[in-house]
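Okay, here's what each chain looks like letter by letter:
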Amino acid sequence: MTSTNEKTANEPGTGVQHSFPSVFSLENKIALITGGGSGIGLDMARCMIMAGAQVVITGRREAVLQEAKASLGEKAFYFVNDVTDLHGLEGLVQDVETQVGPIDILVNNAGINMKKPALEVTDEEFSRILQTNLHSVFSLTRACARNMVKRQSGSIIMISSMAAYYGLDRVVAYGSSKSGIEGMVRLLASEFSKFNVRVNAIAPGFIETNMMKTAMSSDPNRMAKALGRTPIGHFGKPEDIGWAAVFLASEAAKFITGISMPVDGGNSTGF
Ligand code: NAI
């Protein structure tokens, strides 16, 4: 039975199994979002809760997480965690699954940027960015996927960047880490698909968050260039990424795996 708002396409012969809007619903799902205390991660949590999920956010700063939880309400939980502490990630997954429930959706959102000419980037800086944006993503994905594979169900979402799509100057470490993410998505999708675990990336364009402000505020030329090649004519909001994540995590995207979906106001194709 469907409510008056819910349209079903279960007409004989169509073979359509799901109804609208429940095919987009995340009801009864649990999502883990790293770096969920601010920016894109926080709005992604908000969108997923609105879609019916329970959401666990992680981050390094308890006060920020507490404030985020207060604004998200009772379907939100938080765990203090630094994703670069690789040995702690199996334990994080165990704690979340014991205290909240099985993780259906993992969003590897935590990330750091560094804008610096390539010739000045030290090995330590390069490693630090790779550790946060790439290595920790693999380690946490492995920890979550172990259980998802056993349960034969799961959706993993990575956050890529325009820096993995085209040549942006002064972000060599960041762009390399995000290019690694693009490859990881394809490789893991081919390995996990037979277990009904999907792996996709969202590639945000320029989204108004602290990270973007830091990268752009002292560089009006870069800001004008980014906007100039965004056909929609304005920067994105964190919720634009949030709704895309809801879609990719939902049953509506059940045949989508191994892709990187730009959510960028046309930036990746703009002139
Ligand atoms: P943000 O700086 O507001 O949020 C990043 C979050 O990650 C923060 O909550 C931060 O505390 C957390 N984080 C950083 N290092 C961590 C660690 N070691 N352990 C746990 N948490 C950690 O930035 P924003 O913009 O919300 O970025 C979110 C994701 O989106 C990042 O992966 C970023 O690379 C990506 N992105 C953002 C774009 C933008 O225009 N804002 C464009 C393309 C990608």
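Everything discussed here concerns the structure shown above.
Note that the structure is a prediction, hence the values are computed from the model and not measured.

Q: When you look at the overall build of the chain in this model, what are you seeing that I'm missing?
A: For the chain, the count of helices and strands is eight helices and nine strands. Within the chain, buried positions represent 48% of all 271 residues. Contacts in the chain between residues far apart in sequence, at least 24 positions, make up 69% of those at least 6 positions apart. On the chain, roughly 13500 Å² of surface is accessible, and the fraction owed to carbon and sulfur atoms is 55%.

Q: Would you mind going over the site of the ligand with me for this structure?
A: Around the ligand, the surrounding shell holds 26 residues, and the nearest of these are Ile40, Asn109, Tyr174, Ile207 and Thr209. Measuring from an oxygen atom of the ligand, one finds a side-chain N or O atom of Ser38 at 2.8 Å. Protein chains shield 93% of the accessible area of the ligand, which is 820 Å² for the free molecule. Of all the secondary structure elements, the ones that give two or more residues to the shell around the ligand are helix H1 (39-50) and helix H5 (172-192). For the shell around the ligand, the residue count by class is 10 nonpolar, 12 polar and four charged.

Q: Would you mind going over helix H2 (residues 62-72) with me for this structure?
A: Spacing of three or four residues puts side chains on the same side of an α-helix, whose turn is 3.6 residues. Listed as buried for H2 are Leu65, Ala68 and Leu72. The buried residues of H2 all sit within an arc of 65° when viewed along its axis, so they share a single face. Opposite the buried face of H2, by more than 90 degrees, sit the exposed residues Ala63, Glu67 and Ala70. Where H2 is buried, its residues touch H1, strand S4 (54-59) and strand S5 (76-80).

Q: Looking at this model, I keep getting lost on the pattern of salt bridges. Mind explaining?
A: Pairing between side chains becomes possible if they bear opposite charge and their charged atoms approach one another. One pass over the structure, following the stated rule, counts 10 salt bridges. Glu27 is the salt-bridge partner of Lys75, the closest N and O atoms lying 4.0 Å from each other. Placement of the pair is Lys75 in the loop between H2 and S5 and Glu27 in the loop between strand S2 (19-20) and strand S3 (30-33), with a sequence separation of 48 residues. Take Glu27: its relative accessible area is 48%, and that puts it in the partly exposed class. Between Glu97 and Arg151 there is a salt bridge, with the nearest N and O atoms lying 3.0 Å from each other. Of this pair, Glu97 sits in helix H3 (residues 89-99) while Arg151 sits in helix H4 (residues 123-151), and the two are 54 residues apart along the sequence. A cluster of three or more residues bridged by salt bridges with shared partners is formed by Lys115, Asp169, Arg170, Asp219 and Arg222.

Q: What exactly am I supposed to notice about the nonpolar core here?
A: The nonpolar side chains of soluble globular proteins are, as a tendency, buried together. Core analysis: the biggest nonpolar cluster contains 32 residues, and Leu26, Met44, Met48, Val55, Val107, Ile157 and Ile202 have the highest contact counts within it. Broken down by secondary-structure element, the contributors of at least two residues to this core are S3, H1, S4, H2, strand S6 (105-108), strand S7 (154-159) and helix H8 (238-249). Counting residues per element, this core draws most heavily on H1, which supplies seven residues. Beyond its immediate stretch of four places on either side in the chain, Leu26 contacts Met48, Ala51, Gly52, Ala53, Ile105, Val246, Ala249 and Ser250. Grouped together as the second largest cluster of nonpolar side chains are 31 residues, Val56, Val100, Ile156 and Ile181 included.

Q: Would you take a moment to explain the sheet that holds S5 for this structure?
A: Strand order in this open sheet of seven strands is S5-S4-S3-S6-S7-S8-S9, and the pairing throughout is parallel. The open sheet terminates on both sides in strands that have one partner only, identified here as S5 and strand S9 (260-263). Along the sheet, successive strands turn relative to each other by an average axial angle of 20°, direction set aside. In this sheet, strand S8 (residues 197-204) lies alongside S7 in parallel orientation, the contact comprising six bridges. Residue Ile159 lies in a different strand from S8, and its bridge partner there is Ile202.

So, how was this worked out
Residues numbered from 1 in each chain as written. Predicted model: local features only at pLDDT ≥ 70, side-chain atom pairs only at ≥ 80, totals over all residues. Heavy atoms only, no water. Helix = DSSP H or I, 4+ residues; strand = E, 2+ residues; numbered from the N terminus. Buried < 20%, exposed > 50% of the residue type's maximum accessible area, 1.4 Å probe, protein only. Contact = heavy atoms within 4.5 Å. Areas by Shrake-Rupley, 256 points an atom, 1.4 Å probe, with all protein chains shown as cover. Near = heavy atom within 4 Å. Polar contact = N/O pair within 3.5 Å; in protein donor to acceptor, adjacent residues only side chain to side chain. Nonpolar A, V, L, I, M, F, W, Y, C, P; charged D, E, K, R; others polar. Arc of directions from axis to C-beta. Salt bridge = Lys/Arg side-chain N within 4 Å of Asp/Glu carboxyl O. Core = buried A, V, L, I, M, F, W, Y, C linked by side-chain atoms within 4.5 Å. Pairing = 2+ DSSP bridges. Axes fitted to C-alpha atoms, helices over the stretch in contact; angles between N-to-C directions.

By themselves, these are just geometric observations and shouldn't be taken as functional.
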